[in-house]
Amino acid sequence: MRAYFIRAGDGQAIVEPRDAAMPDPGPQQMRVRIRAAGLNRGEFMAVGSSAKAAGTDAAGEIEKLGPGVTRFKVGDRVMGRCPGAFAEYALMDERETMPVPEKLSWEDAAAVPIVFLVVYDMLVAQGRLQTGEWLLVTGVTSGVGVAALQTAKALGAKVIGTSGSKDKLAKLAPLGLDVALATRKPDFCDAVLKATGGKGANLCVNNVGGTVFAECVRALAFEGRLAVVGYLDGVLRAELDLDALHARRLTLFGVSNKLRNAEQRAATVRGFTEKVLPLIADGRIKPLIDSVYPFDELPAAAKRLQADAHAGKIVVTLK
């Protein structure tokens, strides 16, 4: 079958087509005919010199069940975490798989799993975002950033977003972005305090990394929470104001799944399915698709992602 593999190249990750064996589902696994798959920046950052199967999440139809699968049947439309998703067929774990809502297209479904599961973890499970609170999102035009904006607005929160592109920020106005700050620098605290009446953000999502970490802390309100989800700037060290952490009773947390097991990830899937998926199913949240590429043009899609030219999710289709 056709599949794409990823390896480190000259300063950026390279995806290349290869022939691959048809995967056979093991216990609690399902073989899925992939219809669409989303691109996620994280998989293009942590890449070694040895090629590995590319893709993280996808949507498609179940083609074969492995032993022990009880929640789904052959032919069901599903979406979820899917290692090796950039292929004609790939495996999904039943515990991390969700049904595709009836009205969702394959493209929309492929834009949901990873980013919206991360957002549920940040905003709901750990971030405890409440109606009327302020959310600050650095790098708001990224896939995770847009999903955080949409979810927060559906939950009744107000959102401040930063981006280096005024044009990208303008695309988010129809989604309800309350305050748009055109900057890539750690210079947004004053604007956040002004927007929030001097109180600061109740929750901050740091997509950017170490260069803005200290500024995110400065912009937090009393009992504010800071989620670290990415480091696009490549800066993994930052200053921490311990006095602010102590006096303002701040909470700092990460959202990586790197060290979590399948059952821990499944708990997030269950929470998301109960609390956020219904908002997507009934149209209150519609994934923002930046662009759609045919499967054979995945290298071009990857270049768009790595060039930071997108706003929302980039998707490839296999129809």
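Above this note sits the structure.
What counts, and at which threshold
Here the residue numbering is sequential within each chain, running from 1 through the sequence in written order. Since the coordinates come from a predicted model, pLDDT governs what is reported: local features require at least 70, and pairs of side-chain atoms require 80 or more to be given and counted, while whole-chain, interface and lining totals use all residues. Just so you know, side-chain values use all the structure's heavy atoms and leave hydrogens and water out. Helix axes use the C-alpha atoms of the stretch in contact, all axes being lines fitted to C-alpha atoms, and the angles between their N-to-C directions lie in the range 0 to 180 degrees. Think of it this way: any DSSP run of H or I at least four residues long counts as a helix, any run of E at least two long counts as a strand, and we number them from the N terminus. Here the word oblique covers every angle except those under 35 degrees (roughly parallel), over 145 (roughly antiparallel) and from 65 to 115 (roughly perpendicular). The sense of a crossing depends on the near helix, which, turned anticlockwise from the far helix by less than a right angle, makes the crossing left-handed and, turned clockwise, makes it right-handed. Throughout, a contact is declared for two residues whenever any of their heavy atoms are within 4.5 Å. Under the grouping applied here, Gly and all other residues not named as nonpolar or charged are polar, the nonpolar ones being Ala, Val, Leu, Ile, Met, Phe, Trp, Tyr, Cys and Pro and the charged ones Asp, Glu, Lys and Arg. We treat two strands as partners when DSSP finds at least two bridges between them. The buried label applies to any residue whose accessible area, calculated with a 1.4 Å probe on protein chains only, is under 20% of its type's maximum; exposed applies above 50%, and partly exposed to all values in between. Taking the helix axis as origin, the arc is that swept by the directions to the C-beta atoms. Note on definitions: salt bridges are taken to be side-chain nitrogens of Lys or Arg within 4 Å of carboxyl oxygens of Asp or Glu.

J.: Describe the packing of helix 2 (residues 113-126) against helix 3 (residues 143-154), with residues and values.
T.: Relative placement of two packed helices is described by the angle separating their axes and the distance separating the axes. In contact at an axis separation of 9 Å, helix 2 and helix 3 are set at 55° when each is read in the N-to-C sense. It follows that helix 2 is oblique to helix 3 by the angle criterion. Relative to helix 3, helix 2 is oriented so that their crossing is right-handed. Of the residues in helix 3, those touching helix 2 at Val 115, Phe 116, Val 118, Val 119, Met 122 and Leu 123 are Gly 143, Val 144, Ala 147, Ala 148, Gln 150, Thr 151 and Ala 152. Classifying every residue of the contact of helix 2 with helix 3 by side-chain character gives 10 nonpolar, 3 polar and no charged.

J.: Now, about the sheet that holds strand 2 (residues 13-19): what can you tell me, with residues and values included?
T.: The antiparallel open sheet is built from 3 strands, whose spatial order is 2-1-4. Each edge of the open sheet is held by one strand with a lone partner, namely strand 2 and strand 4 (52-53). Note that strand 1 (residues 2-8) and strand 4 share 2 bridges and pair antiparallel. Note on strand 4: the bridge partner recorded for Ile 6 is Lys 52. Contacts from helix 10 (residues 298-306) reach strand 1 and strand 2 within the one sheet, and its direction differs from that of strand 2 by about 165°.

J.: Can you tell me about helix 10, naming the residues and giving the values?
T.: Listed in full, the buried residues belonging to helix 10 are Leu 298, Ala 301, Ala 302 and Leu 305. Along the long axis of helix 10, the arc covered by the buried residues comes to 100°, so they all point the same way. Of the residues trailing helix 10, Asp 308 is marked for its positive phi of about 55°.

J.: Summarise the pattern of salt bridges; cite the residues concerned and give the values.
T.: A side chain of one charge can pair with a side chain of the opposite charge if their charged atoms are brought near each other. Using the criterion set out here, one finds 22 salt bridges in the structure. Among the salt bridges present, the one from Glu 61 reaches Arg 35, with a minimum N-O distance of 2.8 Å. Pair noted here: Glu 61 is in strand 5 (residues 57-65) and Arg 35 is in strand 3 (residues 29-38), with a separation of 26 residues, a long-range link. Given a relative accessible area of 13%, Arg 35 falls into the buried group. Residues Lys 319 and Glu 107 are paired through a salt bridge, measuring 2.7 Å at the closest nitrogen-oxygen approach. Here Lys 319, found in the segment after strand 16 (313-317), pairs with Glu 107, found in helix 1 (residues 106-110); they are 212 residues apart in sequence, far enough to count as distant. Ionic contacts of the salt-bridge type, sharing partners, join the residues Arg 2, Glu 88 and Asp 296 into one network.

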